[in-house]
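Take a look at the letters that make up each chain.
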Amino acid sequence: MRERVGDHMERMGRSAVAGIAEFGLGAVLFAQSIYWIIIGHRRAQPVRLDAAIARCMEVGIHAVPIITLMSLTIGIMLAIQGIYSLRVFGAEEQVVLGIGMSVVREFGPLITGILVAGRTGSSLAARIGTMRISQEIDALSVMGINPVRYIVAPALISMVVMVPVLTFWSSIVMLTGAGWYIGIDLGMSAAAYIDRLTEIVKIGDVWHGLGKSVLFGILITLVGVINGTLVSGGAEGVGKMTTRSVVISICAIIVTDMIFAFIATRS
Amino acid sequence: MNQPALNRMPSDAEVVATPAVIEVRDLITHYGTRKILHGINLDIRQGEIMVIMGGSGSGKSTLLNALLGLLRPTSGAVRILSQDLNAISDVERTKLRQKMGVAFQGGALFSSMNVLENIMLPLREHTRLDRSTMQIMARMKMQVVNLAGFERLMPAELSGGMIKRAALARAIVMDPRILFCDEPSAGLDPVVSSAIDDLILSLRDAMGMSIVVVTHELESAFKIADRICVLDKGHILTIGTVDEVRNSKNERIQNLLNRRTEAEILDPDEYLKRLTAAGA
Ligand SMILES: Nc1ncnc2c1ncn2[C@@H]1O[C@H](COP(=O)(O)OP(=O)(O)OP(=O)(O)O)[C@@H](O)[C@H]1O
Ligand SMILES: [Mg+2]
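These figures come from a predicted structure and were not determined experimentally. (Residues numbered from 1 in each chain as written. Chains lettered and ligands numbered in written order. Predicted model: local features only at pLDDT ≥ 70, side-chain atom pairs only at ≥ 80, totals over all residues. Heavy atoms only, no water.)

Participant: Can you tell me about the overall build of chain A, naming the residues and giving the values?
Facilitator: When helices and strands are counted, chain A shows nine helices and zero strands. Along chain A, helices (α) and strands (β) appear in the sequence α-α-α-α-α-α-α-α-α when read from the amino end. Taking all 267 residues of chain A together, the buried fraction comes to 44%. Looking at chain A alone, contacts between residues at least 24 apart form 84% of all its contacts between residues at least 6 apart. When the accessible surface of chain A is summed, it comes to about 13400 Å², and 72% of that surface belongs to carbon and sulfur atoms. Positive and negative side-chain charges in chain A, numbering 20 and 17 respectively, have mean positions lying 8 Å apart. (Helix = DSSP H or I, 4+ residues; strand = E, 2+ residues; numbered from the N terminus. Buried < 20%, exposed > 50% of the residue type's maximum accessible area, 1.4 Å probe, protein only. Contact = heavy atoms within 4.5 Å. Areas by Shrake-Rupley, 256 points an atom, 1.4 Å probe, with all protein chains shown as cover. Lys, Arg positive; Asp, Glu negative; His and termini not counted. Charge placed at Lys NZ, Arg CZ, Asp CG, Glu CD.)

Participant: Describe the pairing of strand β4 (residues 75-80) of chain B, listing the residues and the values that go with them.
Facilitator: All names here are of chain B. Bridge count between strand β1 (residues 20-31) and β4: five bridges; the pairing is antiparallel. Residue pairing for β4: V24 is matched across the bridge by V78. Pairing analysis gives two bridges linking β4 to strand β5 (residues 83-84), with the strands arranged antiparallel. Residue pairing in the sheet places I80 in a bridge with Q83 of β5. Turn length for the β4-β5 hairpin, with the two strands adjacent in sequence and antiparallel, is two residues, and the turn residue L81 shows positive phi of about 45°. (Pairing = 2+ DSSP bridges.)

Participant: Before we move on, can you summarise the packing of aromatic side chains with the specific residues and values?
Facilitator: Under the defined criterion, the tally for this structure stands at one aromatic pair over all chains. Their ring planes at 85° and their centres at 5.5 Å tell us that Y35 of chain A and W36 of chain A sit as a pair that is edge-to-face. Taking the relative accessible area as the measure of exposure, Y35 of chain A reaches 36% and is therefore partly exposed. We note R246 of chain B situated over the ring of F222 of chain B; from NZ or CZ to the ring centre the distance is 4.4 Å. (Phe/Tyr/Trp six-rings, centres within 6.5 Å; stacked < 30°, edge-to-face > 60°. Lys NZ or Arg CZ within 6 Å of the ring centre and 35° of its normal.)

Participant: Explain the interface of chain A and chain B to me, and be specific about the residues and the numbers.
Facilitator: Every contact between the two is made by 18 residues of chain A and, on the other side, 23 residues of chain B. Carbon and sulfur atoms make up 56% of the surface buried where chain A meets chain B, a total of about 1700 Å² over both sides. Taking the shortest distance from any N to any O, the salt bridge between R149 of chain A and E125 of chain B comes out at 2.8 Å. The interface formed by chain A and chain B holds five residue pairs in polar contact (both at pLDDT 80 or more) in total. (Buried area = accessible area lost by both parts, 1.4 Å probe. Salt bridge = Lys/Arg side-chain N within 4 Å of Asp/Glu carboxyl O. Polar contact = N/O pair within 3.5 Å; in protein donor to acceptor, adjacent residues only side chain to side chain.)

Participant: Describe in detail the sheet that holds β5 of chain B, supporting the description with residues and values.
Facilitator: Taken together, four strands build an open sheet; the order of strands is β2-β1-β4-β5 (chain B) and the sheet is antiparallel. Every other strand in the sheet has two partners, leaving β2 (34-45) and β5 of chain B as the edge strands with one partner each.

Participant: Residue-level account of the side chain of K60 of chain B, with values.
Facilitator: Residue and element names in this part refer to chain B. Looking at the secondary structure, you find K60 in helix α2 (residues 60-68). Of the polar contacts made by the side chain of K60, one reaches the backbone oxygen of G54; its length is 2.9 Å. Here the side chain of K60 touches G55 through a polar contact of 2.9 Å, landing on its backbone oxygen. Not counting the four nearest positions on each side in its chain, K60 is found in contact with I52, M53, G54, G55, E183, V214, T215 and L231.

Participant: Describe the packing of helix α4 (residues 115-126) of chain B against helix α6 (residues 160-172) of chain B, with residues and values.
Facilitator: All names here are of chain B. For the pair α4 and α6, the least separation of the axes is 7 Å and the interaxial angle reads 25°. Relative to α6, α4 is oriented roughly parallel. Both α4 and α6 take part in a crossing whose hand is right-handed. Between α4 and α6, the residues in contact are V115, N118, I119 and P122 and A166, A169 and R170, respectively. Looking at the contact of α4 with α6, its residues break down into five nonpolar, one polar and one charged. (Axes fitted to C-alpha atoms, helices over the stretch in contact; angles between N-to-C directions. Parallel < 35°, antiparallel > 145°, perpendicular 65-115°, else oblique. Left-handed = near helix turned anticlockwise from the far one by under 90°. Nonpolar A, V, L, I, M, F, W, Y, C, P; charged D, E, K, R; others polar.)

Participant: Please set out the sheet that holds strand β8 (residues 210-214) of chain B residue by residue, giving values where relevant.
Facilitator: Residue and element names in this part refer to chain B. Pairing is mixed across the open sheet formed by six strands, whose spatial order is β6-β7-β8-β3-β9-β10. This sheet does not close on itself; its edge strands, each paired only once, are β6 (100-103) and β10 (235-241). Between one strand and the next, the sheet's axes are offset by a mean angle of 15°, whatever the strand orientation. Pairing between β6 and strand β7 (residues 178-182): four bridges, direction parallel. Bridging across to β7, A103 finds its partner in C181.

This is the structure we're talking about:
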């Protein structure tokens, strides 16, 4: 019995150490990417802008349809739910207050983060994992092309640029969806709705949401890259780490979001 | 080319006079706690084709990775063109790697680029040539490996032999001093495989490259090698010319040459006896 407890402890200890090691790897990757973005030119090894732009298309433009659809749905859902619960107090008119704040500060960044983690984080992990197995990463290294500069830095740039853009779009669509339903249910005019919104939502709230989404973008990239580099053992390994990357980055996003919300409401 | 052209079997005097482009000293590597290479000493000389042979799991790929600086040794040194691969700075290593070309076993072509872009990539990253010049240079190398006309194909659309040739073209596009080939002819039909052997020979003859080839194809090894290094369980059994290796009296080498290793591994008792006999 004691042995089994010992085993268990040891396994926990080992995965804790592995977790910390992965965390450290993430920090190193992030620092190296920044290094290459800043120093690359001076060493005649710039981070390619065309690669970053291509990634931006992939991360951003191609994600617009799904993010629009989801955001519209969630916006309407929030309005339905908000009016339903506020009706208990006869305070339906206050629905804009709740929705405006929570969409811009929470739902926009969160929904975008989760969708991007599922779309782009997973494909990043799969791409890097496949490149590792087929020795493409080794090939880059022996060509004197730093893989962090060539793969990670453009991915990071594209995420840091596109996740906030998508978040902004997502928030606008959500608010539109909510406004549409509120207009139908409570007969509030579009002008009145927008008036209410601009009264409630301060520019600081917008920045809060966008700032958070930048952080999500960085998290998704690093988690994807790390899981990609940890791939071993063929196609099955790629599948396993891809799934793992999605689960971990969504967890990381939600935990970060909670910490952010806690700190932000305190100050 | 101002260095003397080597004939197939250089005389001893010539051999001593040719400088080493790769020096491996007491190289020991581990995977985790498992010792894989047990103190390798190996010189690869200017303009020679060195074939590294050995059974499966003998450590060929591990040695190659150590030579390429992809695997950090536990101890020992790898000097390439007189520079210690694991002691120099990143900047110097990047420069050094531009003098090395590698054709990986599976080709390692970038799947998102077509053949021409793949071959052009080292030029794009390391030179300031304009695009059309780079294209001409890449096309020239494609001509060398007999791939002209396939520029626009994606790696997924290539056959096994074409992948190997494209990988070779990419490896030589910067005109490296040293070329590494991992299993260049494995899994190919005899005609294609023989064509690749000829290609490797002509690269050495025409461009004076020093070439390291990892292979387990005996026929190909005997055809192209100036010298053969036989690995066994992380030790070097012998380094010698084709004839020296072929006529070796060493039992393990003969087993390897006669492909008896697999049968041997299947018989644990016999295997154990051999092991203890070798240690004694
Ligand atoms: N990534 C790794 N992690 C742990 N052990 C490894 C790893 N790669 C290789 N090994 C071990 O190192 C030893 C040598 O492997 P290596 O790949 O160098 O053999 P090889 O001579 O190239 O064989 P093959 O002809 O089959 O490719 C093997 O026993 C293998 O189990
Ligand atoms: Mg191997």
